[in-house]
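Below, each chain spelled out in residue letters.
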Amino acid sequence: MKNLILLAVVVAMCGCAPKDYKDATLPVEERVEALLSQMTLEEKVGQMSQYCGVEHVRVRDMRIAQKRKKIAANDDANAYYPGINADTLLRWTEEGKIGSYLHVLTVEEANMLQEHAMRSRLGIPLIFGIDAIHGNALAPDNTNYPTNIGLACSFNPDMAYKIARQTAKEMRAMNMHWTFNPNVDVARDGRWGRCGETYGEDTYLVGSMGVASVKGYQGNLDSQDDVLACIKHLIAGSQSVNGSNAAPTDVSERTLREVFLPPYERCLTEVKAGSLMTAHNEISGIPCHASKWLMEDVMRGECGFEGFVVSDWMDIERLHNLHAVAENRKEAFYQSIMAGMDMHMHGIYWFDEVIELVREGRIPESRIDESVRRILTAKFRLGLFENPYADVEQGAKVRLCEEHRQTALEAARQSIVLVKNDGILPLDVRKYKRVMVTGVNADDQGILGDWSSKQRPENVTTILEGLREVAPQTEFVFVNQGVYPNKMKQEKVDEAVRKARTADLNIVVVGEQGARYMKGRTCGENRDRANIELLGLQEELVRRVAASGKPTIMVVVAGRPQNVEWADENLPAILYAWEPGMYGGQAVAEILYGKVNPSAKMSMTIPRGSGQIGVYYNYKPSHYFHKYLDQNPYPLYHFGYGLSYTTFEYSDLSLSTEKISADGTVDVEVTITNTGERDGVEIAQLYIRDCYSSVTRPVKELKDFARVELKAGESKLVKFTITPDKLQFYNADMQRIVEPGEFKVMVGSSSRDEDLMTASFVVE
Ligand code: BGC
């Protein structure tokens, strides 16, 4: 009553009624303030609270009941909420205590949950988040594109944009509003199971693909086809001390700023990504979830980030129960919020304990208001207040539509790298009439990679199916090696070896099982390895099949580098397919049979073996001063390397000037000629080296690239412009500057020295 009187007095004094936050004609800022002014503390903290979907909780409860097994309270991988069932979550939703759900996998569930939210006092809609990493593939019946590591091999940001745009449409068709992508980690360690989620090892390429994806997801964040992007994971979890997920990272501020931060900066300054997720790991002693420096100083202060920060899965709790920087859970919540955290990715203690922290006066309510403002801004901009539900029938027309399927196929064609070919490819159907196909992933959905659910068989073309479609006149004999490389059976290897002898050609598919729904998957999140050798009996399979004396070629399906050194030395052809998605099998077959001319280039260096893990192309000058005594120190496949069925020649490299001032630009021109007999696409790469500098600089860094389509015999002039930002680096005082002196420009078909033409200019 008192409050009502107060409100009446305020209204009378300023002569205006509070604005109606439901009025869509008002600017978003005014709607946010109007709503915020009416919210209780509970409703505010509710907006900062996310939970796993109720079906997820129901299925988990059912499993526990069936097994009559007590699941430990800290079994956080299962999202266990002790004492809380699906009905409690629905009630809390109606009470305005939940602002977001994740892992809701059907449109029916999303709409149902939204109905509960719309019944809450203020009718604030939920925002649904999901890991739509390569299409909204965690939910069945959506288009499933190649994973990011392969997509990056296309060096095609336009394709990344297109995929993100289509994914956004398929998400909105399911009432999903927020993807936990793009992952703009820079991945340089093949032991890390999550390499496949990233765009590889190069800062510039990762940034370019990330920017294009954010643009595609978000549009202008003002239509029913837009979703919120989430750049993650801040930061450098890809470079942990032992290669495993969530282990400590200990890189210098220089490495952070030179290698890992630029993609984030670009996604914020060039396209304003609307949210970001902090990483599981610590950086030099500070867990990212408690790092004010990262969230506030660097992201908001330096990069102008205006969106909201979401924690990663139960990671705030881990400040207490893993990193041990908080004596108890409540202290962990306190630390994280005061460092800049806005939303808690699921768990049942956050809500009450954050409210206590505010009531105790430890967290000012104004700090809570900041987070709520950011979250509400996203909800208003996405139009959730006006359109809280998705139309199931309309949505069905968008998901997996023909246009999206075609994009998935084209993206696969552009992402598969031909790394070896001594002339056997394209395969001659007249010569190879009987072909033995074997290996894990040859006929299963492992080609989909992480963050995919099991898809209907008719929506996936496995490699074997692709071969049969593309070369119907050929007899394909299949020897099934199962779906897990580490569980292969000796007798199946023996069988393949026997059948190899009677075939005209053998195709061995090797790699890892990355499909998320597969319990024994060997690749993907939390599937880190101590080495990158072929798992299980795969190396034996390849060598013995090859010993049959019949031509044997290899296809690699994996979300991270695999050591295929022996195969490279002994087999006539190798195709590195990464995780090519739903039509990966068709694309592999089209390339093997020459229906498609491969164009992709490696987005990550492939080492010669585990001892080389951590090898990357943009190393510092002293890197190879003393070489290993027991191994060739140089990688097997260099960053930017990949073959085609045609040949390209670079000529007439020229610079527009020999001297510039520190704020000047240089135009670079080069002629590329298709000197072979087939039309093709060449990915031209431009690298720069600062020849002498006050702190050490990499021997080369990618600064631009272009996909150039060339008909057989055709030449094209390709132009690049070197702008001052491409010459900058951090000096000893960590100021970003351009230093005078000579700069070397390298242009060519890969990062290998022998593939590059050079020229130079001077900054005066
Ligand atoms: C991963 C995140 C992901 C989240 C929600 C975490 O385990 O690290 O990348 O977005 O789960 O699925």
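What you see is a predicted model; the values in this text were computed from it and never measured.

### Some details on helix H2 (residues 28–36)
Inference 1: Of the residues making up H2, those classed as buried are Arg31, Val32, Ala34, Leu35 and Leu36.
Inference 2: Where H2 is buried, its residues contact helix H3 (41–47) and helix H15 (365–381).

### Re the site of the ligand
Inference 1: Neighbouring the ligand are 14 residues; Asp131, Lys232, His233, Asp312 and Glu525 lie closest to it.
Inference 2: A distance of 2.5 Å separates an oxygen atom of the ligand from a polar atom in the side chain of Asp131.
Inference 3: Contact between the ligand and Glu525: an oxygen atom at 2.5 Å from a side-chain N or O atom of the residue.
Inference 4: Protein burial of the ligand: of its 310 Å² of free accessible surface, 96% is covered by the chains.
Inference 5: Here the shell around the ligand is built from residues that sort into 6 nonpolar, 3 polar and 5 charged.

### Considerations on the sheet that holds strand E17 (residues 648–655)
Sheet strands line up and pair through hydrogen bonds in the backbone, either parallel or antiparallel.
Inference 1: The strand order across the open sheet formed by 3 strands is E17-E19-E22, and the pairing between neighbours is antiparallel. Each edge of the open sheet is held by one strand with a lone partner, namely E17 and strand E22 (715–722). Adjacent strand axes in the sheet meet at a mean angle of 20° when their direction is disregarded.
Inference 2: The sheet contact formed by E17 and strand E19 (residues 666–674) spans 6 bridges and is antiparallel. Considered in E19, the bridge of Ser651 is made with Thr671.

### Focus on the pairing of strand E12 (residues 434–438)
Inference 1: Counting buried positions along E12 yields 4 of 5 residues, so the element is predominantly enclosed.
Inference 2: In terms of strand pairing, E12 meets strand E13 (residues 475–479) through 5 bridges, oriented parallel. Paired with Arg434 across the bridge in E13 is Glu475.
Inference 3: For the segment spanning E12, helix H18 (residues 463–470) and E13, crossover handedness is right-handed.

### Overview of the sheet that holds strand E14 (residues 505–511)
Inference 1: Here 6 strands make up an open sheet; going across it, the order is E11-E16-E15-E14-E12-E13 and the pairing mixed. Looking at strand neighbours, the two that pair on one side only are strand E11 (417–421) and E13, the edges of this open sheet. Mean inter-strand twist for the sheet, computed between neighbouring axes without regard to direction, equals 20°.
Inference 2: Docked against the sheet, helix H19 (residues 490–501) engages E12, E13 and E14, running at close to 155° with respect to E13.

Rules and cut-offs
- Residues numbered from 1 in each chain as written.
- Predicted model: local features only at pLDDT ≥ 70, side-chain atom pairs only at ≥ 80, totals over all residues.
- Heavy atoms only, no water.
- Buried < 20%, exposed > 50% of the residue type's maximum accessible area, 1.4 Å probe, protein only.
- Helix = DSSP H or I, 4+ residues; strand = E, 2+ residues; numbered from the N terminus.
- Contact = heavy atoms within 4.5 Å.
- Near = heavy atom within 4 Å.
- Polar contact = N/O pair within 3.5 Å; in protein donor to acceptor, adjacent residues only side chain to side chain.
- Areas by Shrake-Rupley, 256 points an atom, 1.4 Å probe, with all protein chains shown as cover.
- Nonpolar A, V, L, I, M, F, W, Y, C, P; charged D, E, K, R; others polar.
- Pairing = 2+ DSSP bridges.
- Axes fitted to C-alpha atoms, helices over the stretch in contact; angles between N-to-C directions.
- Right-handed = clockwise from strand over helix to strand, strands pointing away.

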